[in-house]
Amino acid sequence: MTDPTDPADRPSGAAAVPSRQRPPRWWLLLGRDRAAAVAAVILAGVFLVALFGGLFIGDRAVRQDLRASLRPPSLDHGFYGLLGTDVLGRSVLARLVDAAGTTLSVAVPAVLCSLLIGSALGLWAGYHGGMRENVAMRVADVILSFPSLLIAVVVLYVFAPSAMNIVLILAIARVPVYLRTARAESAELRSRLFVDAARTFGTPSRNIIYRHILPIALPTLLTVATLDFCFVMLTESSLSFLGIGIQPPDVSWGLMVAQGRQYLQTAWWIAVLPGVAIVLTTVSATVLAAWVRLATDPAQRWRLTLPRKRRGNRTAVPSEMIA
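Not measured: the values here are computed from a predicted model.

What counts, and where the lines are drawn
- Residues numbered from 1 in each chain as written.
- Predicted model: local features only at pLDDT ≥ 70, side-chain atom pairs only at ≥ 80, totals over all residues.
- Heavy atoms only, no water.
- Phe/Tyr/Trp six-rings, centres within 6.5 Å; stacked < 30°, edge-to-face > 60°.
- Buried < 20%, exposed > 50% of the residue type's maximum accessible area, 1.4 Å probe, protein only.
- Lys NZ or Arg CZ within 6 Å of the ring centre and 35° of its normal.
- UniProt positions renumbered as here; feature names shortened; annotations may be inferred.
- Helix = DSSP H or I, 4+ residues; strand = E, 2+ residues; numbered from the N terminus.
- Patch = residues over 30% accessible without salt bridge, like charges linked within 9 Å, V, L, I, M, F, W, Y side chains within 5 Å.
- Areas by Shrake-Rupley, 256 points an atom, 1.4 Å probe, with all protein chains shown as cover.
- Salt bridge = Lys/Arg side-chain N within 4 Å of Asp/Glu carboxyl O.
- pLDDT = per-residue confidence, 0-100.
- Contact = heavy atoms within 4.5 Å.
- Core = buried A, V, L, I, M, F, W, Y, C linked by side-chain atoms within 4.5 Å.
- Axes fitted to C-alpha atoms, helices over the stretch in contact; angles between N-to-C directions.
- Parallel < 35°, antiparallel > 145°, perpendicular 65-115°, else oblique.
- Left-handed = near helix turned anticlockwise from the far one by under 90°.
- Nonpolar A, V, L, I, M, F, W, Y, C, P; charged D, E, K, R; others polar.
- Arc of directions from axis to C-beta.
- Expected span 1.5 Å × (residues − 1).
- Bend = angle between axes of the 7 residues up to and from the residue.

(A) A look at the packing of aromatic side chains. Evaluated as defined, the whole model comprises 3 aromatic pairs. A ring pair is formed by F79 and Y80, whose centres lie 5.4 Å apart and whose planes are at 80°; its orientation type is edge-to-face. A relative accessible area of 55% places F79 in the exposed class. Of note, R261 hangs over the ring of F241, and the distance from its end group to the ring centre comes to 5.1 Å.

(B) Spotlight on the UniProt feature "transmembrane region" (unreviewed entry) in the protein chain. The positions that UniProt labels "transmembrane region" (unreviewed entry) are, in the present scheme, residues 35–57, 103–127, 213–234 and 267–292. Regarding residues 35–57, the helix share stands at 96% and the strand share at 0%, and the terminal C-alpha atoms are separated by 31 Å. Along residues 103–127, the helical share is 100% and the strand share 0%, with 36 Å between the first and last C-alpha atoms.

(C) The environment of Y210, seen in detail. Considering the arrangement of structural elements, one finds Y210 in helix α9 (residues 205–242). Residues Y210 and W124, spaced 86 residues apart in sequence, show a C-alpha to C-alpha distance of 10.0 Å.

(D) Structural detail: unusual backbone geometry. The omega torsion of the bond from P248 to P249 falls at 15°, within 30 degrees of zero and hence cis. Inspection of the secondary structure puts P249 in the loop between α9 and α10 (253–260). Here the phi dihedral of L70 falls at roughly 55°; this positive angle occurs in a residue that is not glycine. Along the chain, the position of L70 falls in the loop between α3 (54–57) and α4 (92–128). When its relative accessible area of 27% is taken as the criterion, L70 is described as partly exposed.

(E) Quick look at a nonpolar patch on the surface. A cluster of nonpolar side chains, contributed by L48, L51, F52, L55 and F56, occupies part of the molecular surface with about 610 Å² of accessible area. Within the residue set of the nonpolar patch, elements represented by two or more residues are α2 (34–52) and α3. When residues in the nonpolar patch are grouped by element, the largest group, 3 residues, is from α2. Owing to a relative accessible area of 43%, F52 belongs among the partly exposed residues under this scheme.

(F) A look at the confidence of the model for the protein chain. With 84% of its residues at a pLDDT of 70 or more, the protein chain has an overall mean of 82. The lowest-confidence element of the protein chain is helix α12 (residues 302–305), averaging 67 in pLDDT; the highest-confidence one is α4, averaging 93. Note that residues 10–20 has pLDDT below 50 and, in this model, 5 contacts with residues that lie over four places away or in other chains. In the model, residues 314–323 has pLDDT below 50 throughout and makes 9 contacts with residues more than four positions away in sequence or in other chains.

(G) Region of the structure containing the nonpolar core. Counting 58 residues, the largest nonpolar core has I166, I213, F229, W253, M256, L288 and W291 as the members making the most contacts within it. Dropping the residues within four chain positions of it, F229 is found in contact with L104, A107, V108, V111, T281 and A285. Counting residues in hydrophobic clusters, the runner-up holds 5 residues, among them A136, M137, A140 and L179.

(H) Here's a closer look at the packing of helix α6 (residues 148–158) against α9. Closest axis-to-axis distance for the α6/α9 pair is 11 Å, and the angle between their directions is 40°. In this view, α6 runs oblique relative to α9, as classed from their interaxial angle. Considering only the axes of α6 and α9, their crossing is right-handed. Residues S148, L149, A152, V153 and L156 of α6 touch α9, and the partners they reach there are F231, T235, S238, L239 and L242. Here the contact of α6 with α9 is built from residues that sort into 7 nonpolar, 3 polar and no charged.

(I) Broad picture of α6. When we look at burial in α6, the residues that qualify are S148, A152 and L156. All buried residues of α6 project into a common sector of 50° when viewed along the axis, lining one side. For α6, the exposed residues set more than 90 degrees away from the buried face come down to Y157 and V158.

(J) Just α9, in detail. The end-to-end C-alpha distance of α9 is 46 Å, clearly below the 56 Å that 38 residues give at a rise of 1.5 Å each. Approximately 55° is the largest bend angle found in α9, and it occurs at L214, with the proline P215 only one to four residues beyond. G243 sits one or two residues past α9 and shows a positive phi near 90°.

So this is what it looks like as structure tokens:
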């Protein structure tokens, strides 16, 4: 009887590839990390609610019923009374769903715009160096010399507060974060052998940046973007709390906290529940960003393949990597 594990008993034509050369797919790695999996589920739920929640709630987020003012969370008044009502009798659950779309409609475009602009400028400046790099970095230093929240407060105080203005201000304020990160990655990669080889064969600089440098720098930039999403969302909530962010009749989580702070002793759910939504979303994004950084780094991905009991020992190196 042959042993299937014996290499001598395998068919000569079979080109078996060792399992260690086949990295597990990302959803398998995600399933091995419970914290990251829970964070991914929470974020996916928030995005689904923001995208499709408005189809189910209708006008319940703005429908007023003074007879149902300040009702505590209960199932006695139907599904939309599960999280209670505010001072005007509006469903807190419906307003949370509506506010999720408003909050993400500000945070996501701001992060995407700053990511695209900052990454493009940073990769271009880091690859070419010289005067281009110096000018780009000085512009970034000037913008970073002013706190993002302070810039937003001053600009929104002068101009009319609106979602579009908030997106533009936060996008411009966060561009230096990606510019500096992309510049550092590009400046380090431009001296690599594969970049020199592409340059020797006459490849245009834009193609070198797009095909050779960007794929390596992209995991780091996406990780920074995930963390920056938390900062932008908290900044928008802070602006709405101060009264210069999202304006009624629109609603955001920060605006809900601001409107409910005077009822903390009598109707705590009006301010606490949107605050919990902000905390859950930002913490989940932070946890998922840490997981993405490991999953996209070939030198660190092996940590996610360890059994959960051994994962705490970060200094141990798997035996298959020692060859």
